[in-house]
Amino acid sequence: MHDLLRRRRAFAATLTLLLTGVGIGAPARAHESGGHAGHAAPSRDASKVADTAFGRPGDPRKVTRSITVSMSDAMRFSPSTLTVARGETVRLNVVNQGKVLHELVLGTAEDLRQHAEMMRRHPGMQHDEPQMVHVQPGRRGEIVWQFTQAGEFSFACLIPGHFEAGMVGRVVVR
Ligand SMILES: [Cu+2]
């Protein structure tokens, strides 16, 4: 009896340590040893710092350009390459012309590759972040994003099978 209780306490203490460790900024380490390295990328508190390697959520009042991107069941985005100026806040009007759900997720190529892998391992995982939009068939959605970093980034549909079929695009920021 006592033994069990002691073990339980030890377990609780370990758990607390683990959780605290993750909370105060050991996420890189936690993720190295853990299963998915993918979502570790922004090891910051998203509620405080929304900056990413590919920019940050844009202020809808500061949109300087709208770009329509359509998605099809051929697993393609059109256009598949977007060129934007560094610092520009863009509204992506994302139109699903297909008959199945598609999504558009912005990120670095590596982010998206890892994210797609995680989606394969955990199908049905629900997600909602500013750099992504899920669009039902025949509907439209939007992402307002400010591209603060120059470089080449990606966008993709990470629904299992879609990414693998080539549902990927490119964002060039200069
Ligand atoms: Cu798709």
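For the structure itself, look to the data block above.
What comes next concerns the included structure. (Residues numbered from 1 in each chain as written. Predicted model: local features only at pLDDT ≥ 70, side-chain atom pairs only at ≥ 80, totals over all residues. Heavy atoms only, no water.)

Turning our attention to the environment of L158. When you line up the elements, L158 lands in the loop between β9 (151–156) and β10 (168–173). Residues L158 and L112 lie 46 residues apart in sequence; the distance between their C-alpha atoms is 7.7 Å. If sequence neighbours within four positions are ignored, L158 has contacts with E103, V105, L112, H115, A116, M119 and F163. (Helix = DSSP H or I, 4+ residues; strand = E, 2+ residues; numbered from the N terminus. Contact = heavy atoms within 4.5 Å.)

Okay, the pairing of strand β4 (residues 81–84) next. Only one face of β4 is buried, namely the one carrying L82 and V84, since none of T81 and T83 on the opposite face is buried. Both β4 and β10 contribute to a ladder of four bridges, which runs parallel. If you follow T81 over to β10, its bridge partner there is R170. (Buried < 20%, exposed > 50% of the residue type's maximum accessible area, 1.4 Å probe, protein only. Pairing = 2+ DSSP bridges.)

Once that is clear, we can look at the sheet that holds strand β7 (residues 132–135). In spatial order, the strands read β4-β10-β9-β6-β7; together these five strands make up an open sheet with mixed pairing. Each having just a single partner strand, β4 and β7 make up the two edges of the open sheet. With strand direction ignored, the average angle separating the axes of adjacent strands in the sheet is 20 degrees. Set on the sheet, helix α3 (residues 109–121) makes contact with β6 (102–107), β7 and β9; between it and β6 the angle comes to about 140 degrees. (Axes fitted to C-alpha atoms, helices over the stretch in contact; angles between N-to-C directions.)

This part covers the coordination of the copper ion. Taken together, the protein ligands of the copper ion are H102 (ND1), C157 (SG) and H162 (ND1), with distances of 2.0 to 2.2 Å. Each donor residue of the copper ion lies on one chain, and together they are spaced H-x54-C-x4-H. You can see H102 sitting in strand β6 and its partner H162 sitting in the loop between β9 and β10, a full 60 residues away along the chain. For H162, a relative accessible area of 9% translates into the label buried. (Donors = N, O, S within 2.8 Å, 3.2 Å for Na, K, Ca; no water.)

Within this structure, the stated rule accounts for nine salt bridges. We note a salt bridge from R61 to D59, for which the minimum N-O separation is 3.0 Å. Judged by relative accessible area, which is 76%, R61 ranks as exposed. Note that R113 and E117 form a salt bridge whose closest N and O atoms lie 3.5 Å from each other. Here E117 and R113 lie together in helix α3, a separation of four residues that amounts to about one turn. Given the relative accessible area of 38%, R113 is considered partly exposed. On the basis of relative accessible area, E117 is assigned to the partly exposed category, the value being 28%. Several salt bridges converge on common partners, so that one network encompasses E110, R113, E117 and R121. (Salt bridge = Lys/Arg side-chain N within 4 Å of Asp/Glu carboxyl O.)

F77, L92, L104, L106, F147, F155 and V171 are the most contacted members of the largest nonpolar core, which has 25 residues in total. Of all the secondary structure elements, the ones that give two or more residues to this core are β2 (65–72), β4, β5 (89–96), β6, β7, β8 (140–146), β9 and β10. Among the nonpolar cores identified, the runner-up in size contains eight residues, and V105, L112, A156 and L158 belong to it. (Core = buried A, V, L, I, M, F, W, Y, C linked by side-chain atoms within 4.5 Å.)

Turning our eyes to something else, we now look at the environment of L82. You can see L82 is positioned in strand β4. On the basis of relative accessibility, which here comes to 4%, the residue L82 falls in the buried class. In the structure, L82 is positioned 91 residues away from V173 in sequence and 8.4 Å away in space, judged by C-alpha atoms. Once residues lying within four places of it in the same chain are set aside, the contact partners of L82 are I67, V69, L92, F155, R170, V171 and V172.

By themselves, these observations are geometric and do not establish any function.
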